[in-house]
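The lines below spell out each chain.
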Amino acid sequence: MYTKETTVKNQVGLHARPATFFIQEANEYKSSIWVEKEERRVNAKSLLGILSLGITENSTIKIIADGADEEEAVEGLVKLVEGGFAE
């Protein structure tokens, strides 16, 4: 299991469009991946799960992966989040 914390920097947080980019990236990996915010953990490959966390600008989230490519998955998703989802 590999875990890393990051802060969402884009102005609108993880609303529908960036959440879609996040999920598409998560689906590129074989590992099971979760996103955690304030003790709530959801499947990173689920749009409704991601949106239910209400992730806004400057929210700190934890990305957790478990599987064959767990480190690559977490690092790839952290890079996407820290890059502001190209917005």
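To start, this report covers the structure provided alongside it. Just so we're clear, the structure is a prediction, and the values are computed from it rather than from any experiment.

1. Quick notes on the pairing of strand 2 (residues 32-37)
Here five bridges tie strand 2 to strand 4 (residues 60-66), and the two strands are oriented antiparallel to one another. Note that in strand 4 the partner of valine 35 across the bridge is isoleucine 63. The pairing of strand 2 with strand 3 (residues 40-43) spans four bridges and is classified as antiparallel. Looking across to strand 3, one finds that valine 35 is bridged to valine 42. Linkage of strand 2 to strand 3, two consecutive antiparallel strands, is achieved through a turn of two residues, within which glutamate 38 is found at a positive phi near 50 degrees.

2. Structural notes on the sheet that holds strand 1 (residues 2-7)
Here four strands make up an open sheet; going across it, the order is 1-4-2-3 and the pairing antiparallel. Where the open sheet ends on each side, the last strands, each with one partner, are strand 1 and strand 3. Sheet twist, expressed as the mean angle between neighbouring strand axes with direction ignored, is 25 degrees. Sheet topology note: the strand 1/strand 4 ladder contains six bridges and is antiparallel. What sits directly across from threonine 6, in strand 4, is isoleucine 61. Seen against the sheet, helix 3 (residues 70-82) touches strand 1, strand 2 and strand 4 and runs at an angle of roughly 5 degrees to strand 1.

3. As for the packing of aromatic side chains
Taken as a whole and judged by the stated rule, the model has zero aromatic pairs. Lying across the ring of tryptophan 34, arginine 41 places its NZ or CZ 5.8 Å from the centre.

4. Here's the deal with helix 3
An ideal rise of 1.5 Å per residue puts 18 Å on 13 residues; helix 3 measures up with 18 Å between its terminal C-alpha atoms. Where helix 3 is concerned, the buried positions are Glu70, Ala73, Val74, Gly76, Leu77, Val78 and Val81. Looking at the buried side of helix 3, the elements it contacts are strand 1, helix 1 (16-26), strand 2 and strand 4. Glycine 84 lies just past helix 3 and shows a positive phi near 75 degrees.

5. Some remarks on the side chain of asparagine 10
Summarising the element assignment, asparagine 10 is placed in the loop between strand 1 and helix 1. Polar side-chain contacts of asparagine 10 include one of 2.8 Å to the backbone oxygen of glycine 13.

Procedures and definitions
- Residues numbered from 1 in each chain as written.
- Predicted model: local features only at pLDDT ≥ 70, side-chain atom pairs only at ≥ 80, totals over all residues.
- Heavy atoms only, no water.
- Pairing = 2+ DSSP bridges.
- Helix = DSSP H or I, 4+ residues; strand = E, 2+ residues; numbered from the N terminus.
- Axes fitted to C-alpha atoms, helices over the stretch in contact; angles between N-to-C directions.
- Contact = heavy atoms within 4.5 Å.
- Phe/Tyr/Trp six-rings, centres within 6.5 Å; stacked < 30°, edge-to-face > 60°.
- Lys NZ or Arg CZ within 6 Å of the ring centre and 35° of its normal.
- Expected span 1.5 Å × (residues − 1).
- Buried < 20%, exposed > 50% of the residue type's maximum accessible area, 1.4 Å probe, protein only.
- Polar contact = N/O pair within 3.5 Å; in protein donor to acceptor, adjacent residues only side chain to side chain.

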